[in-house]
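Architecture at a glance
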Amino acid sequence: MYSFANYLLLALFAAAVFDAANGLRAAPAGPGRLRRALAALWKEEHFLFGGWGTAWREKAGMALFCAGLAAYESIVTFCHSRAQQAWEWVPGVLAPVLETTAFLCFSLKILLGTRYNWRQLGVAGALYFIARWVHFNAHNIWWIWVVVAVLAAKDLRLEKPLRVFLCVGTAMMLLVMTLNGMGLLPELEGPPALRDGVVRGTYGYSYPNTLGGLVFGLALAYTLLRARRPRWADPAVLAAAGVFLMVGPSSRTPALGCFLLAAGLVVCRLWGRRPLPRALPWLSAAVLPALAAVSFLLPLGFVKIGPAWDDFAPAWLDTLNDFFSRRLAMNWAAFRALDIKIAGQMLGEWPILDNCYVRTLYELGPVMAVLLAVLAVYALWGYARSRRPVELLCLVVMLLYGLMEAQVYHLTSNPAALLLAGAAFAQPPRRWPGVYEIEEISRK
């Protein structure tokens, strides 16, 4: 992914140079020709590398994005299951082929299947440059994947890609579970994961929370697909997924996320077509700062009272720490053991930072943390402002999920990240991606 990330950056730079030359050549001759050319490039959206093939490039862009999403989902749900221990060709042949396919599809969508003006290209290009810089320091492969996918999602109606995501993810997960049930996948090495003395099911994956994140991602995709018109059966489907996660892998955080999605769809169904509260955009924008404050301020209240690393007081905070599976104590340890580096860093095996807010600060650095916060707050405000309650629900639940998990940077666990594409290109909310066009909202 390091070479691919560099190739994409160089290709975007080459596109800008080609654009400048093409725009200057197309501008009328006479005084102020350069100014007129730059003004047109700044305001008018156009395909990169010339306007050839406009009749089919947008359609090809959608097909490329769907193919890339299908390949990416297959990598995580199948190639990163215990199938990679069962058959050498899975990590040796299949995974590299799928990785190359996914990145090429996303890159071709970005370079040839999307219209931009220079304002959009400049904002998103700067964000990508910083994200790539961070990727080279943090070595988090999932981070650069989600960045490239968000850039490729510009101007897409997400209904078809989300259906591909849901179908491929469900099929691959059922395949892994079937292979595991037939005894074709190797057993886990080491002692099984336990909770309250009960073995937590993995169903062919390496860890219960891995399966939990995959199911939660499918639940988010399902919820987004119901954004146009939630049915009463939809909350029941999501609640059933939550019950499975509680009983099978005993993965509580994604299970709670599924229950919240179910409850949110019930509220959306009951609310119907009535106008949303006027204060909702500003209340929504406050969600991320509030969760980040909880993540950073709560661990600061610990007082060390014993020799063990997690001997803490006061009692109420230690009780809350137990509820969060000692995650608050890990955040406390990170504050004391890790340095903050401007462009991020590789994190070791300890402390385990299963909190996306704290992990972002240390792994991706403060610059990227602030940029992501700005994008997320703008997205929360914009989806509430443009009256898209289901998209807003998915973003809020995703941020709540991030309190106890770092898998928000895995597209398979967080397809709601695609909703940030409009904000990443500094587009107005009416242009942001969704499962239906903004004009459909006004007709409701």
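Before going into details, it helps to say that this report is about the structure given with it. (Residues numbered from 1 in each chain as written. Predicted model: local features only at pLDDT ≥ 70, side-chain atom pairs only at ≥ 80, totals over all residues. Heavy atoms only, no water.)

Some points on the overall build of the protein chain
Broken down by element type, the protein chain carries 19 helices and 6 strands. Taken over C-alpha atoms, the radius of gyration comes to 23 Å for the protein chain, in line with the 22 Å a tight globule of 444 residues would show. Projecting the C-alpha coordinates of the protein chain onto the three principal axes gives extents of approximately 80 × 50 × 50 Å. Considering the protein chain as a whole, with its 444 residues, one finds that 52% of them fall into the buried category. Residue pairs at least 24 apart in sequence account for 73% of intrachain contacts in the protein chain once pairs closer than 6 positions are excluded. Total accessible area on the protein chain is roughly 20,000 Å²; 67% of this is exposed by carbon and sulfur atoms. Charge-centre separation for the protein chain: the mean point of 40 positive side chains lies 13 Å from the mean point of 26 negative side chains. (Helix = DSSP H or I, 4+ residues; strand = E, 2+ residues; numbered from the N terminus. Rg over C-alpha atoms; globule rule 2.2 N^0.38 Å. Buried < 20%, exposed > 50% of the residue type's maximum accessible area, 1.4 Å probe, protein only. Contact = heavy atoms within 4.5 Å. Areas by Shrake-Rupley, 256 points an atom, 1.4 Å probe, with all protein chains shown as cover. Lys, Arg positive; Asp, Glu negative; His and termini not counted. Charge placed at Lys NZ, Arg CZ, Asp CG, Glu CD.)

So, the nonpolar core
Core analysis: the largest hydrophobic core is formed by 125 residues, its most contacted members being Y128, W143 and L261. Listed in part, the 6 residues of the second largest apolar core include A334, L347, L361 and Y362. (Core = buried A, V, L, I, M, F, W, Y, C linked by side-chain atoms within 4.5 Å.)

Brief notes about the packing of helix α8 (residues 159-181) against helix α9 (residues 208-225)
The interhelical angle for the contact between α8 and α9, taken along N-to-C directions, is 150°, at an axis separation of 9 Å. Looking at the two axes, α8 sits roughly antiparallel to α9. The hand of the α8/α9 crossing is left-handed. Here E159, L162, R163, F165, L166, G169, T170, M173 and M177 of α8 lie close against α9, whose contacting residues are L211, L214, V215, G217, L218, A221, Y222, L224 and L225. (Axes fitted to C-alpha atoms, helices over the stretch in contact; angles between N-to-C directions. Parallel < 35°, antiparallel > 145°, perpendicular 65-115°, else oblique. Left-handed = near helix turned anticlockwise from the far one by under 90°.)

Comments concerning the pattern of salt bridges
Under the defined criterion, the tally for this structure stands at 14 salt bridges. Among the ionic pairs, D234 bridges to R226, the shortest N-O distance being 2.9 Å. Summarising the burial analysis for this pair, D234 and R226 share the class buried. Put simply, R231 and D234 hold a salt bridge, and the shortest N to O gap is 3.0 Å. (Salt bridge = Lys/Arg side-chain N within 4 Å of Asp/Glu carboxyl O.)

A closer look at a nonpolar patch on the surface
A surface patch of nonpolar side chains, about 590 Å² in accessible area, is lined by V243, M246, V247, L256, F259, L260 and L400. Looking at the nonpolar patch, the elements with two or more residues in it are α10 (233-247) and α11 (252-271). Among the structural elements, L256 can be located in helix α11. (Patch = residues over 30% accessible without salt bridge, like charges linked within 9 Å, V, L, I, M, F, W, Y side chains within 5 Å.)

Some details on the packing of aromatic side chains
Under the counting rule described, the total for this entry stands at 21 aromatic pairs. On the basis of an interplanar angle of 50° and a centroid distance of 6.1 Å, the ring pair of W52 and W56 is categorised as tilted. Judged by its relative accessible area of 42%, W52 is partly exposed. Overall, the relative accessible area of 48% leaves W56 in the partly exposed class. Here Y72 and W145 contribute two aromatic rings whose centre-to-centre distance is 5.4 Å and whose plane-to-plane angle is 65°, an arrangement assigned as edge-to-face. Pair noted here: Y72 is in helix α3 (residues 54-79) and W145 is in helix α7 (residues 141-152), with a separation of 73 residues, a long-range link. You'll find Y72 and W145 in the same group, each marked buried. An aromatic cluster is present here, built from F4, Y72, F103, W142 and W145 joined pairwise through their rings. Above the plane of the ring of W52 lies R57, whose end atom (NZ or CZ) is 4.2 Å from the centre. (Phe/Tyr/Trp six-rings, centres within 6.5 Å; stacked < 30°, edge-to-face > 60°. Lys NZ or Arg CZ within 6 Å of the ring centre and 35° of its normal.)

So, the side chain of H46
With respect to the helices and strands, H46 occurs in strand β1 (residues 46-47). In this structure H46 comes out as buried when scored by relative accessible area, which is 18%. Within the structure, H46 has its side chain in polar contact with the backbone oxygen of E44 (distance 2.9 Å). Leave out the neighbours within four places in its chain, and H46 touches D19, L41, T114, R115, Y116, N117 and W118. (Polar contact = N/O pair within 3.5 Å; in protein donor to acceptor, adjacent residues only side chain to side chain.)

Focus on unusual backbone geometry
For the bond running from A313 to P314, omega is 5°, close enough to zero to count as cis. In this model, F49 sits at a positive phi of 60°, which is unusual for a non-glycine residue. Tracing the backbone shows F49 in the loop between β1 and α3. Positive phi, normally seen in glycine, also occurs at H139, with a value near 60°.

What about helix α15 (residues 327-337)?
With 8 of its 11 residues buried, α15 lies for the most part within the structure. Looking only at α15, the buried set comprises R327, L328, A329, M330, N331, W332, A333 and A334. Buried residues belonging to α15 abut α9, α13 (287-297), β5 (303-304), β6 (312-313), α14 (315-323) and α16 (356-385).

Section: α14
An α-helical turn contains 3.6 residues, so any two residues separated by three or four positions project in the same direction. Those residues of α14 lying buried are L317, D318 and N321. All buried residues of α14 lie within an arc of 100° about the axis, which places them on one face of the element. For α14, the exposed residues set more than 90 degrees away from the buried face come down to A315, W316, T319 and F323. In this structure, the buried residues of α14 make contact with β6 and α15. (Arc of directions from axis to C-beta.)

Considering the environment of D19
Looking at the secondary structure, you find D19 in helix α1 (residues 2-26). Excluding its chain neighbours within four sequence positions, the residues that come into contact with D19 are L41, H46, F47, L48, F49 and W118.

Focus: the packing of α3 against helix α5 (residues 89-112)
In a packed pair of helices, the relevant descriptors are the angle between the two axes and the axis-to-axis distance. Viewed as axis vectors pointing N to C, α3 and α5 meet at an angle of 155°, and their least axial separation amounts to 8 Å. In terms of orientation, α3 lies roughly antiparallel with respect to α5. Handedness of the α3/α5 crossing: left-handed.

Note that all results are geometric; they support no functional claim without further evidence.
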